[in-house]
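A look at the structure
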Amino acid sequence: GNTGDTPAHVDVLIVGAGFSGLYQLHLLRQRGWKVAVIDAAGGVGGTWYWNRYPGARCDIPSIEYSYSFDADLQAEWRWTERYATQPEILSYLNHVADRFDLRRDIRLNTRMDSATWDEAAGLWRVALNPGGAMSARYVILATGALSAPKLPDWPGIEGFSGEIVHTGAWRDDIDLRGKRVGIVGTGSSGVQAIPRIAEVAAHLTVYLRTPSFAVPASNRPLDAGEQEALAPQMAALREGARQSPLGWFDGPRPGMALSASETERAQRYEEQWNAGTTGLLLAYEDLLIDEDANTTAAQFARGKIAQLVHDPDTARRLTPTGYPIGSRRLCSEIGYYEAFNRDNVSLVDLRETPIERVEGNRLITSAGAQELDVLVLATGFNAMTGAIAAIDITGRDGAKLAREWEDGPRCYLGLAVAGFPNMFTVTGPGSPSVLSNVVVSIEQHVEWIADCLDHLRATGTATIAADPATEAAWMQHCDEVAHMTLFPRSISWYQGRTRDGRLVFMPYVGGVGAYRAKCDAVAAAGYDGFVLTTNTPEQEE
Ligand code: NA7
């Protein structure tokens with residue numbers, strides 16, 4: 001396909017051709033940098049290339065979940081649904097790649113096996129697979145926060161004789177029609193896939209470990225007129241999103257849940273439930289801060305599950321307990337609960353009857369064996385750190401990034417890791433990315449990194465690296481801010497685990513507006529918290 005040749009040396013090597021890498025390439029090339037992008041996938045699109053499972057769709061309104069950097073791009077693209085499907089987002093990103101002539105600098109089907117910092121030469125020596133060696137002055141890891149699939153390690157799984165597929169590495173040849181399908185996992189991916197698979201499979205067995213709170217997507221078609229009507233306000237809406245806590249056009253409605261009467265609350269929850277996706281959590285300002293407030297929303301959602309699922313025993317199993325609503329990613333559903341009312345769907349509760357092993361085409365739990373033609377793993381990702389830790393990255397003094405992160409993910413502003421000079425991460429741990437409209441966060445990260453590189457060029461700086469003490473202070477700040485909220489009250493992919501079992505809350509909860517202000521202040525102060533070294537003569541090219 002669209003495979004550019006990779007030169008032996010570039011100024012900037014970008015890993016990943018999703019929302020982050022595409023924009024980073026465009027921006028840096030515009031500013032005169034020599035840039036190459038590699039991606040392991042057979043096409044551009046990142047997350048939206050890989051997650052082709054049935055039902056895959058965005059849970060942020062498509063008009064907001066799109067680039068804002070180019071007014072013409074925004075004006076010419078028309079979304080067909082309020083929440084875009086995976087194929088539509090993928091075609092949008094392909095359109096962007098064509099429109100800005102990005103493909104000539106993108107090499108697909110190529111991984112970065114290793115990257116080693118060469119202190120004497122002041123550059124990264126990189127091993128590509130396939131493709132061998134290249135070097136780059138800067139490396140930008142635009143590898144995605146949710147891109148390294150997490151696979152179960154049940155005994156015998158490697159010998160499963162049916163088809164096995166992870167939602168985040170879906171294959172187009174998977175045909176579920178008339179099949180006996182099992183699906184493990186009921187996070188966002190499972191919740192989206194379950195109703196679509198149930199429609200075509202002979203039988204679907206859902207293996208449930210932790211029930212999710214799922215709210216109706218309230219999806220609907222969007223017509224061009226609606227988007228045209230919004231056009232005059234778009235610039236202001238986009239700017240509002242950039243300064244907002246969540247990166248969305250809408251924020252929480254004013255008021256506290258506990259100050260409202262029970263009748264008022266019930267009415268507002270009903271409205272916000274019907275508004276779609278995260279609407280419920282935006283009903284009041286205190287829902288993710290005050291446990292009692294949160295309980296009122298959780299109880300409302302639990303009541304909905306009891307109404308939607310006919311069999312009381314199944315409804316009980318699907319009802320989340322023991323963690324605050326919203327502290328794990330709220331799922332967006334279209335027919336999820338109703339799917340459990342179908343005759344061809346059954347539920348296995350792994351909390352009572354855990355998975356023991358796999359034998360032939362059978363998944364065996366303590367309740368018995370189930371023959372499956374296709375086993376779908378909706379088991380999630382090694383979030384925020386997984387894709388980077390999978391690369392053999394060696395920084396100053398032989399430090400290995402993956403090994404360092406086993407002691408706890410650390411990253412200054414989610415943008416750079418101390419000990420790894422001239423390397424940037426987009427949506428790294430310590431950034432608000434996954435707790436925001438990630439496209440808004442990505443645009444901010446990408447623009448900040450481009451401005452930083454321009455500054456280094458203008459000032460003749462040879463290396464930039466995060467200062468370890470400032471990095472540690474930032475991670476501690478992230479943890480403190482998180483603990484002012486209810487987010488750490490559940491175990492979720494927002495948290496990393498250290499080798500000694502400690503949980504580390506990874507995303508910055510303080511909001512994209514506050515984060516942007518912090519990043520801007522860091523840059524304005526000459527990259528405060530970074531150590532910059534100037535060019536020595538032998539490093540000049
Ligand atoms: P998630 O949200 O991490 O969900 C993964 C699900 O898989 C969750 O229900 C897990 O249960 C379950 N799981 C994971 N491993 C196992 C094993 N070994 N056995 C049984 N069940 C397991 O991933 P998603 O892909 O759904 O969504 C990720 C994000 O992508 C989403 O939030 C959006 O932002 C986009 P557990 O909770 O660990 O008990």
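If you check an unreviewed UniProt entry, the protein appears there as NAD(P)-binding domain-containing protein from Novosphingobium ovatum. The Cofactor (unreviewed entry) comment attached to the protein in UniProt states, word for word, "FAD". Here the protein is described in UniProt, under the heading Sequence similarities (unreviewed entry), as follows: "Belongs to the FAD-binding monooxygenase family."

**Structural notes on the sheet that holds strand β13 (residues 355-359)**
Note: strands within a sheet are paired through backbone hydrogen bonds, in either parallel or antiparallel orientation. An order of β13-β14-β15 is seen for the 3 strands of this open sheet, with the pairing classed as antiparallel. Of all the strands in the sheet, the pair left with one neighbour each is β13 and β15 (368-371). Here the average twist between neighbouring strands, direction ignored, is 20°. With 4 bridges connecting them, strand β14 (residues 362-365) and β15 associate as antiparallel partners. In the sheet register, R362 faces β15, and the bridge partner there is E371.

**Digging into the environment of L28**
By the secondary structure assignment, L28 is in helix α1 (residues 19-30). Using a count of 24 C-beta atoms within 10 Å as the deciding quantity, one classes L28 as buried. Sequence-distant contacts of L28, defined by excluding residues within four places in its chain, comprise V12, W33, V35, A450 and L453.

**A closer look at the sheet that holds strand β16 (residues 374-377)**
One open sheet accounts for 5 strands, arranged β7-β16-β8-β9-β12; its pairing is parallel. Of all strands in the sheet, those with a lone pairing partner are β7 (163-166) and β12 (345-349), marking the two edges. The average angle at which neighbouring strand axes cross in this sheet is 20°, direction not considered. Both strand β8 (residues 180-184) and strand β9 (residues 203-208) contribute to a ladder of 5 bridges, which runs parallel. Across the sheet, the residue bridging to R180 is H203, located in β9.

**Observations concerning the site of the ligand**
Around the ligand, the surrounding shell holds 19 residues, and the nearest of these are G185, G187, S189, T210 and G380. Top contributing element to the shell around the ligand by residue count: helix α5 (residues 188-200), with 3 residues. For the shell around the ligand, the residue count by class is 7 nonpolar, 10 polar and 2 charged.

**What to know about the pairing of strand β4 (residues 111-118)**
Here β4 runs beside strand β5 (residues 123-129); their pairing, made up of 7 bridges, is antiparallel. Paired with D118 across the strands is L123, a residue of β5. Looking at chain direction, β4 and strand β17 (residues 392-394) are connected through 3 bridges and run parallel. Directly across from A115, in β17, lies its bridge partner I393.

**Comments concerning the environment of Q495**
Counting through the fold element by element, Q495 comes out in strand β20 (residues 495-497). Assessed through the 19 C-beta atoms surrounding it within 10 Å, Q495 is described here as partly exposed. Once the C-alpha coordinates of Q495 and E262 are considered, the two residues, 233 residues apart in sequence, prove to be 34 Å apart.

**Re the packing of helix α13 (residues 438-458) against helix α15 (residues 512-524)**
Here α13 crosses α15 at 0°, and the two axes come no closer than 11 Å. Compared by their axis directions, α13 and α15 come out roughly parallel. Facing V440, S441, Q444, W448, D451 and C452 of α13, the residues of α15 in contact are V512, R516, C519 and A523. Looking at the contact of α13 with α15 residue by residue, the classes come out as 6 nonpolar, 2 polar and 2 charged.

**A few points about α15**
The terminal C-alpha atoms of α15 lie 18 Å apart, and with 13 residues this matches the ideal 18 Å at 1.5 Å per residue to within 8%. All of the buried residues along α15 are V512, G513, Y515, R516, C519 and V522. The inward-facing, buried residues of α15 abut α6 (224-243) and α13. A positive backbone phi angle near 75° is found at G526, which sits one or two residues after α15.

**Notes on the packing of α1 against α13**
Direction vectors running N to C along α1 and α13 enclose 35°, while the axes themselves pass 9 Å from each other. For the element pair α1 and α13, the recorded crossing hand is right-handed. Contact residues: α1 offers F19, S20, Y23, Q24, L27 and L28, while α13 offers V439, I442, E443, V446, E447, I449, A450 and L453. In the contact of α1 with α13, the residues fall into 10 nonpolar, 2 polar and 2 charged.

Rules and cut-offs
Just so you know, the residues in each chain are numbered from 1, in the order the chain's sequence is written. In keeping with the model being predicted, local features are shown solely for residues with a pLDDT of at least 70 and side-chain atom pairs are shown and tallied solely at 80 or more, while totals for entire chains, interfaces and linings include all residues. UniProt positions are given in the numbering used here, feature names are shortened, and annotations may be inferred rather than shown by experiment. Strand pairing is assigned whenever DSSP identifies at least 2 bridges connecting the two strands. Secondary structure counts use DSSP, requiring at least four H or I residues in a row for a helix and at least two E residues in a row for a strand, with both numbered from the N terminus. Geometry is summarised by axes, namely lines fitted to C-alpha atoms with helices restricted to the contacting stretch, and by angles between N-to-C directions that run from 0 to 180 degrees. Neighbour counting defines burial: a residue surrounded by 20 or more other C-beta atoms within 10 Å of its own C-beta is buried, one with 12 or fewer is exposed, and intermediate counts give partly exposed, using backbone-placed C-beta atoms. Any residue pair is listed as a contact if its two C-beta atoms, each placed from the backbone, are within 7 Å. We count a residue as near a molecule or strand when its backbone-placed C-beta atom lies within 6 Å of that partner. Charged means Asp, Glu, Lys or Arg here, nonpolar means Ala, Val, Leu, Ile, Met, Phe, Trp, Tyr, Cys or Pro, and polar covers whatever is left, Gly included. Angle categories: roughly parallel below 35 degrees, roughly antiparallel above 145, roughly perpendicular from 65 to 115, and oblique for all the rest. What a helix should span is 1.5 Å times the count of its residues minus one. In this scheme the handedness of a crossing depends on how the near helix is turned from the far one: anticlockwise by less than a right angle means left-handed, clockwise means right-handed.

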